[in-house]
Amino acid sequence: MKYYNEKIETLPKDELEKLQYQELKTLVTRLFGNSKFYHDKMKEAGVSPDDIKSISDITKLPFMKKTDLRDNYPDKLVCVPHEDLVRYHVSSGTTGKPTVVAYTKNDIELWAEAVARSLTSCGLSNKDTIQVCYGYGLFTGGLGLHYGGEKIGATVIPASTGNSQRQIELIQDLGTTAVACTPSYFIHLIDVAKKMGIDLNKDTKLRTAVLGAEPWTDEMRKYIFEMSGVTAHNIFGTSELSGPMFSDCSELNGMHICGDIAYTEIIDPKTGEQLPAGEKGELTITVLKKEAIPMIRYRIGDITSIIEGDCPCGRTSPRIDRLQGRVDDMLIIRGINVFPSAVEHALLKNSFLTSHFMIEVSRKGPLDDMLVKVELKPEAMTDSINGLIEMQGITERTLRDALNVSARVELCPPNTLPRFEGKAKRVTDLRRL
Ligand code: AMP
Ligand code: ZN
């Protein structure tokens with residue numbers, strides 16, 4: 001099956017815009033009438049539902065930020081009676097205090113529909129066995145992929161994170177064809193399988209990984225394929241939007257944000273102006289149908305761009321490029337902006353390195369100092385001092401060329417740097433401590 005919901009996923013663009021407009025108008029009218037928070041916010045911005053006459057009028061509406069959720073902790077933004085709520089999730093607090101998200105039955109249904117479409121676009125179906133190795137619980141990853149997987153009729157294994165040897169045994173014993181987890185956990189699973197003497201490509205049926213919850217790169221996708229024969233797809237979401245929702249398709253070139261569910265804008269983080277397709281800025285999403293805690297023009301804080309042009313897969317919803325990281329993940333090293341994902345991108349250009357790395361930033365006198373620790377592949381380990389110095393020099397040069405700022409490199413033996421079951425925490429910024 002190519003699409004989960006063909007009619008809506010391939011809707012002509014003008015019809016999609018009409019639908020988006022209708023949904024937005026209904027949402028804004030409802031919120032203006034029944035939510036003090038949204039009513040006050042719109043009044044303050046001098047806008048009322050009557051001002052929304054087409055989808056492009058969305059720019060008249062005020063933005064929402066994570067602080068709106070924090071300031072209204074735990075549930076002051078809930079717009080439905082408590083009887084209508086069926087679930088709470090609490091964000092992992094990627095950047096500070098966690099936020100609470102509430103769901104009605106329809107919200108859960110919409111979320112599962114989005115994940116079902118995403119999993120189908122990753123090539124999965126009721127023939128697949130999906131092992132969900134995202135955390136189950138307050139984090140949205142586990143249950144999000146679980147419900148979406150069941151919706152497409154796949155056999156779902158709620159493995160959750162951790163107990164990695166057991167994960168590999170399950171992959172073998174239950175004939176798992178797809179795994180969903182963070183990219184950093186997946187590369188850990190590859191290592192664990194190797195140590196157990198299992199070749200994921202030859203000894204298991206695993207062919208697909210649906211990876212998200214943290215930034216990763218195309219180089220990582222290649223690395224994963226080389227190491228395991230598994231095709232890695234990117235999936236994105238945030239707890240405020242409901243959880244993981246939107247993924248790339250068979251083209252592996254950008255994630256489709258289902259247009260009937262969410263309206264996508266990229267804005268200039270400084271001015272708030274909408275940016276055209278192709279230009280990088282802050283991802284801003286309006287979930288058009290959310291009931292419990294609607295999100296209008298939510299500034300997610302992740303930097304990306306809308307990919308220009310139609311996708312050969314036939315889906316008409318906009319595609320966003322890989323997320324580079326959140327505005328607040330960005331390190332400023334001697335005045336130069338550095339995203340940890342750019343470090344990963346550069347490191348994996350060297351075939352002797354793995355994707356296990358850590359970044360330590362400190363201040364040496366008046367200057368910022370960046371130390372990148374990275375593990376060598378076992379086959380690259382050598383006793384030759386000259387060999388090590390050469391690899392270190394090459395790595396330092398690739399980093400300098402890619403980042404425009406120099407970094408010191410420490411090559412580490414295999415299996416010496418930390419592994420992560422959930423989101424990786426690769427940066428220690430001693431300047432902030
Ligand atoms: P949470 O609210 O804890 O679910 O975290 C959501 C955040 O995780 C997003 O705003 C992104 O910064 C990050 N994230 C989730 N999925 C991806 C992805 N596929 N690529 C890059 N970052 C991601
Ligand atoms: Zn596509």
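One can find the structure itself at the top, above this paragraph.
Let us look at the structure shown here. (Residues numbered from 1 in each chain as written. Chains lettered and ligands numbered in written order. Predicted model: local features only at pLDDT ≥ 70, side-chain atom pairs only at ≥ 80, totals over all residues. Heavy atoms only, no water.)

### Notes on the sheet that holds strand S10 (residues 262-267)
Next up, step 1: In spatial order, the strands read S10-S11-S12; together these three strands make up an open sheet with antiparallel pairing. Two strands bound the open sheet, and with one partner strand each, they are S10 and strand S12 (298-304). Neighbouring strand axes in the sheet, compared pairwise and without regard to direction, differ in orientation by 30° on average.
Next up, step 2: Of the pairings in the sheet, the one linking S10 to strand S11 (residues 281-287) comprises six bridges and is antiparallel in character. Across the sheet, residue Ile 266 finds its bridge partner in S11, namely Leu 283. (Pairing = 2+ DSSP bridges. Helix = DSSP H or I, 4+ residues; strand = E, 2+ residues; numbered from the N terminus. Axes fitted to C-alpha atoms, helices over the stretch in contact; angles between N-to-C directions.)

### Considerations on the nonpolar core
Next up, step 1: In this structure, Leu 61 and Leu 145 are the most contacted members of the largest nonpolar core, which totals 67 residues.
Next up, step 2: For Leu 61, the contacting residues outside a window of four places in its chain are Leu 24, Val 28, Met 42, Val 47, Ile 52, Ile 296 and Arg 297.
Next up, step 3: Formed by 24 residues, the second largest nonpolar core is a distinct cluster that contains Cys 133, Ile 168, Cys 181 and Ile 198. (Core = buried A, V, L, I, M, F, W, Y, C linked by side-chain atoms within 4.5 Å. Buried < 20%, exposed > 50% of the residue type's maximum accessible area, 1.4 Å probe, protein only. Contact = heavy atoms within 4.5 Å.)

### Looking at the packing of helix H5 (residues 105-121) against helix H6 (residues 140-151)
Next up, step 1: Packing of H5 against H6 brings their axes to within 7 Å, and their N-to-C directions diverge by 70°. As far as their axial angle goes, H6 and H5 are roughly perpendicular. For the pair H5 and H6, contact is made by Ile 108, Glu 109, Trp 111, Ala 112, Glu 113, Val 115, Ala 116 and Leu 119 and by Thr 140, Gly 144, Leu 145, Tyr 147, Gly 148, Gly 149 and Lys 151, respectively. (Parallel < 35°, antiparallel > 145°, perpendicular 65-115°, else oblique.)

### Side note on the sheet that holds strand S4 (residues 155-157)
Next up, step 1: Taken in spatial order, the six strands make up an open sheet running S4-S3-S5-S6-S7-S8, and their pairing is mixed. Every interior strand has two partners, whereas the edge strands, S4 and strand S8 (243-247), have only one. Going from strand to strand, the sheet's axes swing by 25° on average, the running direction of each strand aside.
Next up, step 2: Looking at chain direction, strand S3 (residues 129-132) and S4 are connected through three bridges and run parallel. Within the sheet, the bridge partner assigned to Ile 130 lies in S4 and is Val 156.

### Here's the deal with the pattern of salt bridges
Next up, step 1: Counting across every chain of the model gives 26 salt bridges.
Next up, step 2: As a salt-bridge pair, Lys 289 and Glu 23 come within 4.0 Å of each other at their nearest N and O atoms. Within this pair, whereas Lys 289 is found in the loop between S11 and S12, its partner Glu 23 is found in helix H2 (residues 13-34), the two being separated by 266 residues in sequence.
Next up, step 3: Residue class for Lys 289 comes out partly exposed when judged on its relative accessible area of 33%. (Salt bridge = Lys/Arg side-chain N within 4 Å of Asp/Glu carboxyl O.)

### Here's the deal with the packing of aromatic side chains
Next up, step 1: Under the criterion given, the structure shown has three aromatic pairs.
Next up, step 2: When the ring of Phe 37 is compared with that of Tyr 38, the centres are 4.9 Å apart and the planes differ by 85°; the resulting orientation is edge-to-face. Comparing Phe 37 with Tyr 38, the two get one shared label, buried.
Next up, step 3: Above the plane of the ring of Trp 216 lies Arg 322, whose end atom (NZ or CZ) is 4.1 Å from the centre. (Phe/Tyr/Trp six-rings, centres within 6.5 Å; stacked < 30°, edge-to-face > 60°. Lys NZ or Arg CZ within 6 Å of the ring centre and 35° of its normal.)

### Let's talk about the coordination of the zinc ion (ligand 2)
Next up, step 1: On the protein side, the zinc ion (ligand 2) has Cys 249 (SG), His 256 (NE2), Cys 311 (SG) and Cys 313 (SG) as donor atoms, found 2.1 to 2.3 Å from it.
Next up, step 2: Given four donor atoms and angles of 103 to 115° at the metal, the environment of the zinc ion (ligand 2) is assigned as tetrahedral.
Next up, step 3: The sequence motif formed by the donor residues of the zinc ion (ligand 2) is C-x6-H-x54-C-x1-C. Summarising the burial analysis for this pair, Cys 249 and His 256 share the class buried. (Donors = N, O, S within 2.8 Å, 3.2 Å for Na, K, Ca; no water. Tetrahedral: all angles 85-135°; square planar, octahedral: opposite > 155°, others 65-115°.)

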